Amino acid sequence: MKKKVIFLDLDGTMLDANGRIPSSARTAMSQARKNGHQLVICSGRGVMQIPQELKDSPLFSGIVCATGAYVQVGGNIILCACIRPDQLRKIVHFLEDSGAYYFLQCVSGNYGTARSAKYGEEMIGPRKSDPIKKGAFYGVPVELSRLETMTDCNKLIYFECRKTDEEILCSAGSYFQVTGSSMLIDENASLRNGEITDARYTKSTGMDCYLRAVGISREDSVAFGDGPNDIDMICHAGTGVAMGNAIGLLKKEADIITTDINDNGIFNGFRKLGLI
């Protein structure tokens, strides 16, 4: 079969609730790589939040992260789009006034106010015993005055916000796009989790950036995902695959549905598509 580029979301797709790759997924990815297919991490996480072992792994040919604002082919960064300071200042003020916990996903790290960092530690901490890994995942305390002036911010994420996506967009303006998080509290909850990105960049634009760089057509791309921020990726790929644990809306848009991440989802999906 023709060689494919396989875009893989991390949380809930490649990584389980404990941040581990199931052994069957490792086997499938290794076999697919040997068969000549390219594997690309395609995540909403910022680049500093991607585990170093994945960055260093020979399994992966590239990275699309920060929901498409950062793209790497091999060891070369070919896109790094940062939010304009005036727009960042506006959205930080809004989130601060809303009472939400929030973080800036920057090239240099993942930053939050002391209040948000404490929330992140309580939320993520029990699953991350290594203090260094904890800090990389949820952020480090930085004073608000500095948050407003960060120049390398690719996107923002927020938790327990009392505003709807529409209310956030109304305040933020057309520069931004608001998407539900893979860690959504409840689709009908009054407190929302989500991400705020430069509207010009999505996982699908990041995919196109990578595909142009390696000279492979969109028709020869495959995408695996599970959450709200994977919908445009799944729809854009030549073949979109929803994990068995994916949200209902993503399953409706997918070309095929594989099994749950904890039930050999990646392996079964790769086998069904003839990648292995």
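Notes on the structure in this doc start here. Treat the numbers as computed from the prediction; the structure is a model and nothing was measured.

This part is about the environment of Asn35. By the secondary structure assignment, Asn35 is in the loop between helix H1 (23-34) and strand E2 (38-42). Sequence-wise, Asn35 and Ile276 are 241 residues apart; in three dimensions their C-alpha atoms are separated by 7.3 Å. Those residues in contact with Asn35, other than ones at most four positions away along the chain, are Lys3, Leu275 and Ile276. Only 3.0 Å separates the side chain of Asn35 from the backbone oxygen of Leu275, close enough to count as a polar contact.

Glancing now at the nonpolar core. Counting 56 residues, the largest nonpolar core has Phe7, Leu8, Met29 and Phe270 as the members making the most contacts within it. Apart from residues no more than four positions distant in its own chain, Leu8 is found in contact with Met14, Met29, Leu39, Val40, Ile41, Cys42, Phe60, Phe224, Ile266 and Phe270. In terms of nonpolar packing, the next biggest core, distinct from the first, is built from 24 residues, Leu88, Tyr102, Cys106 and Val142 among them.

For the rest of this paragraph, the subject is the side chain of Asp16. Note on placement: Asp16 falls in the loop between strand E1 (5-8) and H1. Buried charged residue Asp16 carries no salt bridge. Nearest counter-charge: Arg20, at 4.3 Å. A polar contact of 2.9 Å, which involves the side chain of Asp16, links it to the backbone nitrogen of Asn18. Filtering out sequence-adjacent residues up to four positions away, Asp16 remains in contact with Ile261 and Asn262.

Our focus in this paragraph is the sheet that holds strand E7 (residues 110-112). Read across the sheet, 6 strands follow the order E8-E7-E6-E9-E11-E10 without closing on themselves; strand pairing throughout is mixed. Edge positions in the sheet fall to strand E8 (140-141) and strand E10 (176-180), since each of these pairs with one other strand and no more. When strand E6 (residues 101-106) meets E7, the two strands line up antiparallel, connected through 2 bridges. Paired with Gln105 across the strands is Asn110, a residue of E7. Running at roughly 15° to strand E9 (residues 153-161), helix H3 (residues 85-98) makes contact with E6, E9, E10 and strand E11 (192-198) of the sheet. Against the sheet, helix H7 (residues 165-172) touches E9, E10 and E11, its axis set at about 165° to E10.

What counts as what
- For every chain, the first residue of the written sequence is number 1, and numbering continues from 1 onward in sequence order.
- Residues qualify for local features only when their pLDDT is at least 70, as the model is predicted, and side-chain atom pairs are given and counted only at 80 or more; totals for whole chains, interfaces and linings, by contrast, use all residues.
- Remark: hydrogens and water are excluded; side-chain values derive from all non-hydrogen atoms of the structure.
- We count a stretch as a helix when DSSP gives it H or I for four or more residues in a row; a strand needs E for two or more, and each element gets its number in order from the N terminus.
- Contacts are assigned to residue pairs that have any heavy atoms within 4.5 Å of one another.
- Think of a polar contact as two N or O atoms within 3.5 Å of one another; within protein, one of them needs to be a possible hydrogen donor and the other a possible acceptor, and neighboring residues in sequence only count if both atoms come from side chains.
- For the purposes of this section, nonpolar cores are sets of buried Ala, Val, Leu, Ile, Met, Phe, Trp, Tyr and Cys residues that join through side-chain atoms within 4.5 Å.
- For every residue, the accessible area obtained with a 1.4 Å probe (protein chains only) is divided by the maximum for its type, and the residue is called buried under 20%, exposed over 50%, and partly exposed between those limits.
- Here the positive residues are Lys and Arg and the negative ones are Asp and Glu; neither His nor the chain ends is included.
- We count a salt bridge whenever a side-chain nitrogen from Lys or Arg sits within 4 Å of a carboxyl oxygen from Asp or Glu.
- When DSSP finds two or more bridges between a pair of strands, those strands are recorded as paired.
- Inter-axis angles, ranging from 0 to 180 degrees, are taken between N-to-C directions of lines fitted to C-alpha atoms, where helices are fitted over the stretch in contact.

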